[in-house]
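A structural walkthrough
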Amino acid sequence: MSLLDYFKTNKKPSTAVTAKERLQIIVAHQRGEREAPDYFPQMKQEIIEVIRKYVQVGPDQVSVQLDQNDENLSVLELNVTLPEQN
């Protein structure tokens, strides 16, 4: 291994690579939303409102996703980041 190879491996990823990865995540997220039923956004908001009756959480702390494996099976995934109790 030469001295130049040592310095090349420690490079940080370029901003273009980072931007491309972020864009891929956004596109994948939007594709998932296109396949969701029409009632899904309202259902998501109502779930957040029910959680807020018991715990103070922001919309960024609640993730609701609908995965459809085939025509007969749908899975509703709900992830909530709860605040720490004092």
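Residues numbered from 1 in each chain as written. Predicted model: local features only at pLDDT ≥ 70, side-chain atom pairs only at ≥ 80, totals over all residues. Heavy atoms only, no water.

Spelled out, the test is: UniProt positions are given in the numbering used here, feature names are shortened, and annotations may be inferred rather than shown by experiment.
Under an unreviewed UniProt entry, the chain has the name Cell division topological specificity factor and belongs to Shewanella sairae. UniProt's Sequence similarities (unreviewed entry) comment on the chain is quoted here verbatim: "Belongs to the MinE family."

Quick word on the overall build of the chain
Let me state the cut-off plainly: Note on conventions: DSSP H or I runs of at least 4 residues are helices, E runs of at least 2 residues are strands, and numbering of each starts at the N terminus. Buried residues are those whose accessible area, probed at 1.4 Å on protein chains only, stays under 20% of the maximum for their type, while exposed residues exceed 50% and partly exposed ones sit between those limits. Contact between two residues is taken to exist if any of their heavy atoms lie within 4.5 Å; hydrogens are not considered. Accessible surface area values rest on a Shrake-Rupley calculation with a 1.4 Å probe, where residue burial reflects the displayed protein chains alone.
Scanning the chain from terminus to terminus reveals three helices and two strands. Residue burial in the chain is summarised as follows: out of 86 residues, 12% are buried. Considering only contacts within the chain whose residues lie at least 6 apart along the sequence, 34% involve residues at least 24 apart. Accessible surface, the chain as shown: approximately 8000 Å² in total, 52% of it carbon and sulfur.

Re helix 3 (residues 40–54)
Stated precisely, the cut-off is as follows: Given the number of residues in a helix, its expected span is that number minus one, multiplied by 1.5 Å.
Over its 15 residues, helix 3 extends 22 Å from the first C-alpha to the last, a length consistent with the 21 Å expected when each residue adds 1.5 Å. Against strand 1 (62–70) and strand 2 (73–80) lie the buried residues of helix 3.

So, the pairing of strand 1
Each regular strand displays side chains that alternate between the two surfaces of the sheet. Condition: Pairing between strands requires that DSSP locate at least two bridges from one strand to the other.
Pairing of strand 1 with strand 2, which is carried by eight bridges, proceeds in the antiparallel orientation. In the strand pairing of strand 2, leucine 66 is matched with leucine 76. Here strand 1 hands over to strand 2 after two residues, the two strands then running antiparallel side by side.

Some remarks on the nonpolar core
This is how it is decided: Grouping buried Ala, Val, Leu, Ile, Met, Phe, Trp, Tyr and Cys residues that are joined through side-chain atoms within 4.5 Å yields what is termed a nonpolar core.
Core analysis: the largest hydrophobic core is formed by eight residues, namely Phe40, Ile47, Ile48, Ile51, Val57, Val62, Val64 and Leu66. Put simply, the parts of the chain that give this core at least two residues each are helix 3 and strand 1. Among the elements that make up this core, the one with the highest residue count is helix 3 (four residues). Each residue touching phenylalanine 40, except ones within four places of it in the same chain, is listed here: Val64, Gln65, Leu66 and Leu76.

A closer look at a nonpolar patch on the surface
Heads up, the condition is: A residue counts toward a patch only above 30% relative accessible area and without a salt bridge, and it is joined to like-charged neighbours within 9 Å or, for Val, Leu, Ile, Met, Phe, Trp and Tyr, to nonpolar neighbours within 5 Å. For this analysis, a salt bridge means a side-chain nitrogen from Lys or Arg found within 4 Å of a carboxyl oxygen belonging to Asp or Glu.
A contiguous nonpolar surface patch, about 250 Å² in accessible area, is contributed by Leu23, Ile26 and Val27. For valine 27, the location among the structural elements is in helix 2 (residues 15–34).

Quick notes on the confidence of the model for the chain
Residues shown with low pLDDT carry predicted positions that ought not to be read at fine detail. Cut-off, in case you're wondering: A residue's pLDDT is the predictor's confidence in that residue, given on a scale from 0 to 100.
Predicted confidence across the chain gives a mean pLDDT of 76, with 74% of residues reaching 70 or more. In the model of the chain, helix 1 (residues 3–8) stands out as the element of lowest mean pLDDT, 60, in contrast to helix 3, which has the highest, 86.

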